[in-house]
Each structure stands twice: as structure tokens, then as C-alpha cells.
Amino acid sequence: MGLRVALLFSLFGVLLGQGAEQISMEDCCKNGQKHGTDHEDCASLPLISESTTCRIVQEQCCVTVLEDKMCTNGINIAKDQGACDSLFTNTCDTKTTKMCCDCCTLGKTAHELGLPCDQNLSVGHQCNLVSRACCVEGATAHQRELPNKNETTENGDSVLNNQCNGKCAHRCVGNDTCACFKGYKLKPDGKSCEDINECLVGASNCRGGERCINTEGSFRCQREVSCGTGYELTDSNNCKDIDECETGIHNCGPQFQCQNTQGSFRCLPKVQCGSGFIQDALGNCIDINECVSQTGPCNRGQICINTVGSYTCQRNSVNCGRGYHLNEEGTRCVDIDECKTTENVCGGHACLNMLGSYRCECEAGYMFNSITRLCEDVNECRHYPGRLCAHKCENTLGSYKCSCTTGFALAADGRNCDDLNECESTPCSQECANVYGSYQCYCRRGYQLSDLDGTTCEDIDECALPTGGHICSYRCHNTPGSFHCSCPVNGYTLAVNGRSCQDIDECVTGSHTCTENQSCFNVQGGFRCLSFECPNNYRRVGETRCERLLCNESVQCLTMPLRITYYYLTFPTNIPIFTTIFRMGPSHTVPGDDIQTAITAGNEGGFFRTEQMPTGGVMSVAKLINKPEDFELSLELRLRRYGTITTYLAKVLVFVTQEEPRVPYNPQLE
């Protein structure tokens, strides 16, 4: 709350009010403080000045006194009652009282718990001050306040005597009791002294607008708001004007003399300019041109001539204007007849003399220029744009002529243009279409217009276009105005769309060469002849399966696969890695089944791998296969069910064929 008064006092010396009677800000504040102390109300302050600023200071100082009283009441309640329950209201009168009571309770609690008194809690500046003061006061309540170190005993002896056998840090008061000088307090050991922070416990007497700074054994008050430019703070904490002229910190030039003012200074020129001169910013005297700066300094019939520091007036001589000359007597000006004195003044046009001038009567298509005094050609094309000619207008001396753009011919009226049919002269190699003012060549399907002349049609090489590589699946052949596709000689045939190559299933068409004991398996671009024989102790069941015969209690027989099944797969090269190509598992599963799958043969190159699944296993591609190759893989499945292990074997024949072939287009081979 002291900060509010400090801000108001910082206006002192700057704002003194609007009325005739001037009252200092200190008097305004004292009046407000006295009214708040006597009446405990700031709503009806007496009017002691017409100054608005004084009124503000008076009111704020009064409010500060009331708030200080309410805060003091709150601190006393916290000290006496130890609680603030009686202030549990939210009125304007008790809000400040309860805040100070609560903050003092915080300080007392911190002392009782042995916590430091200078805790920096985020409870506000004023609450921190009250809490710290109550905490420090609780720590020093048992210590005694002793006389100043400059005081003496009743017997006139010095306080610093040897009655306590020299154990006291400051002084002895008898009975083996030590005391401290003013500004200090006795430590718990009973002989040492420590400094009292008057600023923290609120024992300073700093005025409003001043900040308390603790010192060893005392304190000092420092002004919170700076004095401002042109002033300095004295030892007595007052603002004093700085004499810039005396200290030499002014910036006046050599042609100027420094004059000190309150809070600033002025630069006065040393040389005073006389009449007819003006002084510039550097102190130099500049001549005044009276003939320009004054309105008519000379009488009528006279001319003004500027001089240094003054001017003179001279009588004006006779001077005839343009188009006139002096008469023979030299007393007056007479007109000049330009049409008679100058030959061909109008350039072949009629001439008409006028007072002080002349005028040319121009022919059609020309216009008289009053500045050059000549007949100049009229540019009809510029004066009447788009109204004389249908297409182009060309100006001529005294007239104009019309012309047409390419593709048009001038009509009989000499102004309009008729369209020409350029197709009659057969300018295009294939098709021609006449358009207004021009013609357009276009080509038949499979041809395109040449970029060189725009009239010749050239064959479009569809196979060489950016999309030509996708027109035909195998090979593209260009023909005049069109193209056709072809397929490899063996294993493929051209599809119905005429572009794709379709694999020939030799097994279906019967064009294979397999024997009766072999089965035909179609692959991309060819076929395979397959056959197999069941091992010993197995019998053939169907076309692709071998089942184990009874084992007759033979342990070695029981370890052999229960069933061997043959599978045939085919896919092109460069199939993506991790692509699943085969799944294997029991026809049904029961809880507790343990299924293991593994490739036991044929995977020497590591191109395939297996992965366990809840219902069996899958085989996928592990490495990129970039060339045609045949694989004969043995995939074994071991099923543990109810404590019994059963083995199944899958013979998987994989035929990797070349990707769909494609021949790059080469125009030279066509």
C-alpha cells in the first residue's frame, strides 16, 4: 500500500493543479491521512484545492490509512486469538483485515515449525511482508530491547565494561547479563548479537515513495521512483536540478551560449543578427530576400532588386510583349502583322492577323497549333479509333487509308474487309477447313500435323509414344497411320483385343508331348510333363497322393510320414518377397495340438521359408527369384496330438517362369 503513495508523490513538481491556488502534494496527502484517521471514511473528503491531481492524492492517502488500520487489526487478531474464523466474511471492510490475519498466521506457523521466515511464497508482495514480520517477531519475542550503544549507566560509566568478565559482544548490564546496541538483538547463546532487519519487521520510518534498505545495525530509505531527466538524487533523498551549463554536459555549439533551466538547458546564439538577416540553426546570419518574402515592397512601375541586408527599387523600362514592337517614337507598343512581314508563315495555308498574334486557317485534315503557330496534320486513326477502318488504319498527310490483316481483302467501299477462302488453293496435304480470316489443316486418324509448316501430315509412330510401351504386351509394329502387336512364336497367342499376349494351355489343346504315364502341367509360355512313384511301404491313392501301409509294430516305420502328397505350383520371376505360396495343416484341430512345419529338402538356395500359424504353417518367398528356375521342395508337418506324433510330407514342385516377355521398340528393325 506504500507503493501507491510513492507513485502519487512522483507527480510532485510536475502536476500542481488547474486552479489559481497551488497546494503541494505533501499537504494534499497529509489532509487525506488526517481525514482517514479522524473519520475512518474517505467518501466525503473536504475540497481543499481545485486541482484534480491533489484530489487523487488526497483520496489515495486516505484509503491507504484505512487499509493500514484494517491490516493492523488483522495482525492483532492473529496474535491474540491465533485464528481468523471471526472474519469469515467477504465484505470490503473485512477483506483486507482477513488477508493480513491469514498471512500473519502463516508467519507464526512457520516460526513454530522451525521453518525460515524468508520463504518466497507466491501469495503476493504485501502478504509476504506481513508473514515475514510475524515470523520474525515470534522469534524475537523473548529478547529484550536495550538502550543505544551511545547511552551510559546512571553512574556515568561506559556500557562496555568488564562486569561480565568480557564475555559480552556488545555490553554488560550487570548480574552477568549481556545486552546489544540499538539495531541488534541477542542470540540464543546470551552473549552474541545479530543485526535486526528493520525493513522486514516493519520498524523503519521510510516515507511514502521510499524503499527501506537494511544496513548493519540500522537501515536507510531510498527513493523508489527516479528523479527523471535533468535531475539527480541528493544524500537527503531529494531531487536536485542538474546545471548542464556548469558541468559541461550540454551540446551547445561554439556560436551559442548555454543557459540552465529547471531539468534542462537552452542554447542562445552569441551573435545577434541585424535587420535584413535571419539566423540559421548553426548561428550564422543569412540575408533575407525582401523581393521574394514581401508582397510588393516597391511602388507600381518599379522593380525590386535584392541587396545584402536590404533591397532597392528601380523604375521599370518600356518592354513590349510578344506580337508587339515599339513605335518609331519609342513611346508605345504597336501590333505586328505577321501575315505580311513573314513569308509563308502558315506553310501554304491561309493566314489571319490578330492583335499581338495571328492565326492560320488550315485546310481539311489539318489543325492549327496555337503554341507552334503552324497547321499540323490531324491523325484521324488516333482521333477516331475503330470508327474509320474495319481492320487497320494508316495515317497520311491530310487524310488516311485502310488495309486488312492476313486472310482478308479490302472491300469495294475501301473501309471493310472480306474473308478469303484459302482452301481453294489446296494448302494442306490431307484435309483443309476454312475459318474466318484464315484456314486450318487437319489430318486423318494415325497422322499428326507437322510442327514445321503446319500443313503437312506425318505418320504417328504409336509404338514410340511415351505410352507406346504399354500398347502391346510383347512387341509393337508401326504401320502408316496405325500399328499392330505380335507375340512370341512359341507358347503364346494374340488375344482378342489385338494387344495382349495370352498363354497357350498346351495341356488343354493337346499340343504337349507328354507320354501316357506322365501328367501335363501348364506353365507360362510352356508346359511340364510330370510323373512320380510311391516309395516302398506306400501305396498310391489318387493322382497325387501316397499313403503308408501298416507298420506291424515297426518303430522305423512309425517314424515315416503317414501321407505323401504332391503339389505343383508356378509363378513368374520377381514375385515380391514374403508372398505366401503354400499352406499346410490338419483338416481339423483340437485343443492341445502341437503343429510344426519345416522345409526338409530342396531349399539349398534359401529362396523359401516357413512360418508357424495357429492351424498349421505357411511357406512364403524369402529371397527375390530373378531368373526362371524349377524347385522340388519337401515340406514336413509334425502333429503332436494326445501324446502321439504323426508326420505328413508335401512334395511341392515350384516352376518359376520368366515374367511376361516384352521386346523394346526399335524403329530401325521395323
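Worth saying up front: this structure is predicted, and the values here are computed from it rather than measured.

Rules used throughout
Residues numbered from 1 in each chain as written. Predicted model: local features only at pLDDT ≥ 70, side-chain atom pairs only at ≥ 80, totals over all residues. Heavy atoms only, no water. Helix = DSSP H or I, 4+ residues; strand = E, 2+ residues; numbered from the N terminus. Buried < 20%, exposed > 50% of the residue type's maximum accessible area, 1.4 Å probe, protein only. Contact = heavy atoms within 4.5 Å. Areas by Shrake-Rupley, 256 points an atom, 1.4 Å probe, with all protein chains shown as cover. Phe/Tyr/Trp six-rings, centres within 6.5 Å; stacked < 30°, edge-to-face > 60°. Lys NZ or Arg CZ within 6 Å of the ring centre and 35° of its normal. 1 Å grid on protein atoms, 1.4 Å probe; cavity = no way out; pocket = protein on both sides within 12 Å on 5 of 7 lines; lining within 4 Å. Points joined across faces, edges and corners; volume = space filled by probe spheres on them. Core = buried A, V, L, I, M, F, W, Y, C linked by side-chain atoms within 4.5 Å. UniProt positions renumbered as here; feature names shortened; annotations may be inferred. Axes fitted to C-alpha atoms, helices over the stretch in contact; angles between N-to-C directions. Parallel < 35°, antiparallel > 145°, perpendicular 65-115°, else oblique. Left-handed = near helix turned anticlockwise from the far one by under 90°. Nonpolar A, V, L, I, M, F, W, Y, C, P; charged D, E, K, R; others polar. Pairing = 2+ DSSP bridges. Disulfide = S-S within 2.5 Å.

With that settled, consider the overall build of the chain. Secondary structure summary: the chain contains twelve helices and 43 strands in total. A total of 670 residues make up the chain; the buried ones form 29% of that total. Nonlocal contacts in the chain, meaning residues at least 24 apart in sequence, comprise 36% of its contacts between residues at least 6 apart. Of the roughly 42,800 Å² of accessible surface on the chain, a fraction of 49% belongs to carbon and sulfur atoms.

Quick look at the packing of aromatic side chains now. A complete count under the given rule lists seven aromatic pairs for this structure. Judged by centre distance (5.8 Å) and plane angle (50 degrees), the ring pair of Phe521 and Tyr568 falls under tilted. Taken together, the residues span a long stretch of sequence, with Phe521 in strand E33 (residues 519-523) and Tyr568 in strand E37 (residues 563-572) at a distance of 47 residues. Using a relative accessible area of 18% as the deciding quantity, one classes Phe521 as buried. Members of the aromatic cluster, connected to one another through ring pairs, are Phe521, Tyr568 and Phe655. Positioned over the ring face of Tyr358 is Arg373, at 4.9 Å from the centre of the ring.

All right, on to the layout of surface pockets then. A volume near 320 Å³ is recorded for the second largest pocket. Contributing to the lining of the second largest pocket are 15 residues, with Arg563, Gly585, Pro586, Ser587 and Tyr648 lying nearest its centre. Of all the secondary-structure elements, those providing two or more residues to the lining of the second largest pocket are E37, strand E42 (629-641) and strand E43 (644-657).

Moving on, we get to unusual backbone geometry. Positive phi, close to 50 degrees, is recorded for Thr426, a residue that is not glycine. Here Phe578, not a glycine, exhibits a phi torsion of approximately 75 degrees, which is positive. In this fold, Phe578 is placed in the loop between E37 and strand E38 (580-584).

Moving on, we come to the nonpolar core. Grouped together as the largest cluster of nonpolar side chains are 21 residues, with contacts concentrated most on Phe571, Phe582, Phe608, Phe631 and Val654. Looking at this core, the elements that each hand over two or more residues are E38, strand E41 (616-621), E42 and E43. Sequence-distant contacts of Phe608, defined by excluding residues within four places in its chain, comprise Phe571, Ile581, Ile599, Asn603, Met619, Ser620, Val621, Ala622, Ile625, Phe631, Leu633 and Val654. Core analysis: the next-biggest nonpolar cluster, separate from the first, contains twelve residues, Cys71, Ile75, Cys104 and Cys134 among them.

Moving on: the UniProt feature "domain: Anaphylatoxin-like" (unreviewed entry) in the chain. With numbering matched to this structure, UniProt assigns "domain: Anaphylatoxin-like" (unreviewed entry) to residues 28-62. Helix and strand shares over residues 28-62 are 66% and 0% respectively, and the end C-alpha atoms of the span are 10 Å apart.

So, on to the UniProt feature "domain: EGF-like" (unreviewed entry) in the chain. The sites that carry the UniProt feature "domain: EGF-like" (unreviewed entry) are, in the present numbering, residues 335-376, 419-458 and 459-502. Secondary structure content for residues 419-458 is 0% helix and 40% strand, while the C-alpha to C-alpha distance between its ends is 29 Å.

What follows concerns the packing of helix H2 (residues 25-39) against helix H3 (residues 52-81). Taken N-terminus to C-terminus, the directions of H2 and H3 make an angle of 40 degrees; their axes are 7 Å apart at the nearest point. By the criterion of interaxial angle, the relationship of H2 to H3 is oblique. The way H2 lies across H3 gives a crossing that is right-handed. Residue-level contacts link Met25, Cys28, Cys29, Asn31, Gly32, Gln33, His35, Gly36 and Thr37 of H2 to Thr53, Cys54, Val57, Gln58, Cys61, Cys62, Val65, Leu66 and Lys69 of H3. Of the residues contributing to the contact of H2 with H3, the split by class is nine nonpolar, eight polar and one charged.

The subject of this paragraph is the sheet that holds strand E36 (residues 545-548). Spatial strand order, E35-E36-E37-E43-E42-E39: six strands in an open sheet with mixed pairing. On the outer flanks of this sheet lie strand E35 (538-541) and strand E39 (594-601), each paired with one strand and no other. The average undirected angle you get between the axes of adjacent strands in this sheet is 25 degrees. Bridging between E36 and E37 involves three bridges; their strand directions are antiparallel. For Glu547, the partnering residue across the bridge sits in E37 and is Arg563.

With that out of the way, let us pick up the side chain of Arg132. Looking at the secondary structure, you find Arg132 in helix H5 (residues 125-139). The buried category is assigned to Arg132, whose relative accessible area is 15%.

Our next topic: the state of the cysteines. In total, this model carries 33 disulfides according to the counting rule given. What pairs with Cys428 in a disulfide is Cys441, and their sulfur atoms sit 1.7 Å apart. Taking the sign of the S-S torsion, -75 degrees for the link of Cys428 and Cys441, the bridge is left-handed. With Cys428 in the loop between strand E24 (417-419) and strand E25 (431-435) and Cys441 in strand E26 (residues 438-442), this residue pair connects regions lying 13 residues apart in the sequence. What pairs with Cys472 in a disulfide is Cys485, and their sulfur atoms sit 1.8 Å apart. Sign of the S-S torsion, about -70 degrees for the bond between Cys472 and Cys485, identifies this disulfide as left-handed. On the criterion of sequence distance, the pair formed by Cys472 in the loop between strand E28 (457-459) and strand E29 (475-479) and Cys485 in strand E30 (residues 482-486) is long-range, its members being 13 residues apart.

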